[in-house]
Amino acid sequence: MLTALSAVVGGATPPTLVVGPNVKCSNYSRRLRIWAGEFPDFIPKQVENIKDPYARKLASRIERLPVNFLKSCVMSSCVKPKEQKEANPIVLLHGFDSTCLEWRYTLPFLEEAGLETWAVDILGWGFSDLERLPSCDVASKRDHLYQLWSTYIKRPMVLVGPSLGSAVAIDFSVNYPEAVDRLVLIDASVYAEGTGNLATLPKAVAYAGVYLLKSRPLRLYATSLVFNGLPLSTCIDWTNIGRLHCLLPWWEDATVNFMISGGYNVIDQIKHVKHKTLIIWGEDDQIIDYKLGVRLHCELPNATLRQIPNCGHIPHVEKPDVVSRLIVEFVQSDQSQRAKPDSVFTVYIPVISGTCTSRYLAYPVYGDLTS
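Residues numbered from 1 in each chain as written. Predicted model: local features only at pLDDT ≥ 70, side-chain atom pairs only at ≥ 80, totals over all residues. Heavy atoms only, no water.

An unreviewed UniProt entry annotates the chain as AB hydrolase-1 domain-containing protein originating from Anisodus tanguticus.

Q: Any chance you could break down the packing of aromatic side chains for me, citing the residues and the numbers?
A: Enumeration according to the criterion identifies eight aromatic pairs in this entry. One aromatic cluster is present, formed by F96, W125, F258 and Y264 through successive ring pairs. In this structure, R104 is placed above the aromatic ring of Y105, and the distance from its NZ or CZ to the ring centre is 5.4 Å. Directly above the aromatic system of W125 lies the positively charged group of K141, at a separation of 3.7 Å from the ring centroid. (Phe/Tyr/Trp six-rings, centres within 6.5 Å; stacked < 30°, edge-to-face > 60°. Lys NZ or Arg CZ within 6 Å of the ring centre and 35° of its normal.)

Q: So, the pairing of strand β8 (residues 276–282): which residues are in play, and what are the values?
A: Summarising burial for β8: seven of the seven residues are buried, a large majority. On β8, burial covers both faces: K276, L278, I280 and G282 on one face and T277, I279 and W281 on the other are all buried. One ladder, built from five bridges, connects strand β7 (residues 180–186) with β8; its direction is parallel. When the bridges of β8 are listed, L185 appears paired with I279. (Buried < 20%, exposed > 50% of the residue type's maximum accessible area, 1.4 Å probe, protein only. Helix = DSSP H or I, 4+ residues; strand = E, 2+ residues; numbered from the N terminus. Pairing = 2+ DSSP bridges.)

Q: Account for the sheet that holds β7, with residues named and values stated.
A: With mixed pairing, the eight strands of this open sheet are ordered in space as β2-β3-β5-β4-β6-β7-β8-β9. Bordering the open sheet on either side are β2 (63–69) and β9 (303–308), each of which pairs with just one other strand. Across the sheet, the axes of successive neighbouring strands diverge by a mean angle of 25 degrees, strand direction being ignored. In the packing of helix α13 (residues 320–332) onto the sheet, the strands contacted are β4 (90–92), β6 (157–162), β7, β8 and β9, and the crossing angle to β8 comes to about 165 degrees. (Axes fitted to C-alpha atoms, helices over the stretch in contact; angles between N-to-C directions. Contact = heavy atoms within 4.5 Å.)

Q: Give a detailed account of unusual backbone geometry, specifying residues and quantitative values.
A: With a phi angle near 65 degrees, K154 is a residue other than glycine that sits in the positive phi range. Mapped onto the elements, K154 comes out in the loop between α5 (138–153) and β6. Its identity is not glycine, yet N310 carries a phi of approximately 55 degrees, on the positive side. Checked against the element boundaries, N310 lands in the loop between β9 and α12 (315–318).

Here it is as structure tokens:
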């Protein structure tokens, strides 16, 4: 179902924190404040049950910005950068039916690297206020993103899209090329022909399907498929993160609206992408065949493909340090410069105050993640 709920709709494995010797004791009280939670009042109260400190940290930064859209104003959720830079910003999208919380591990790395980084919720998903529900079809999602960009960002952006977010990025870049500097596509889901037969379902059946999509058992099952052998406590926390936005009262309506509208079909748009593109793919992706990554590389006129070993469908969750380094190299390199073939094996981010380890994750902990 929609590439296994786009790999559990943006959930992430909470790492086990191991505080290193360089973490000052004064950070401990700050870390407690993160766990206590100081969250925006528009996020469902169930956010308090989330244990992952990275998710809690990023959730506390989510805010709503007014975006003029379809002769009205939508209070649109996003994570704004801590500071603006002269260079073009990074704008992180998310996968199918997910939120900006999908970037809780990677966004801090990009900020530590000195990049102005936004994480934006796509219209119809995330934590935007949709009490006056607008259309949530492809055209509306595209126009909403453009209005947010033209109001607040105003410079060509490096648009990063994972899974279905890659289709969003391709569609946007073709329709608004002036708003995009370059693209990063991560385990891209761009060869599906929209929502297929789901678009023809009677509304009553569509709502029943969407209700199932929100169910905890289905998401727990999807989690176990994507990350075989995860502890139950991890699966539960992951599920709480991935379905948090589903608890908003308009989520069902927005999802059904997208489903019956036909969804994304960007196959014919790929050849029209003119921007320099970095394709990142997990070597062990069990959701989307790596051959489709090779096909995408061949069809895009100006693309580089980088494969990450020992990594599945969600590299920005499993290997956030590697993904961040590849993005930084891509953004900072000239057209003639290429990342070395083994760069995905030898990634190092210098600001380290501790180490996070689990069966699935092993990467540095920044001091500001515990502050």
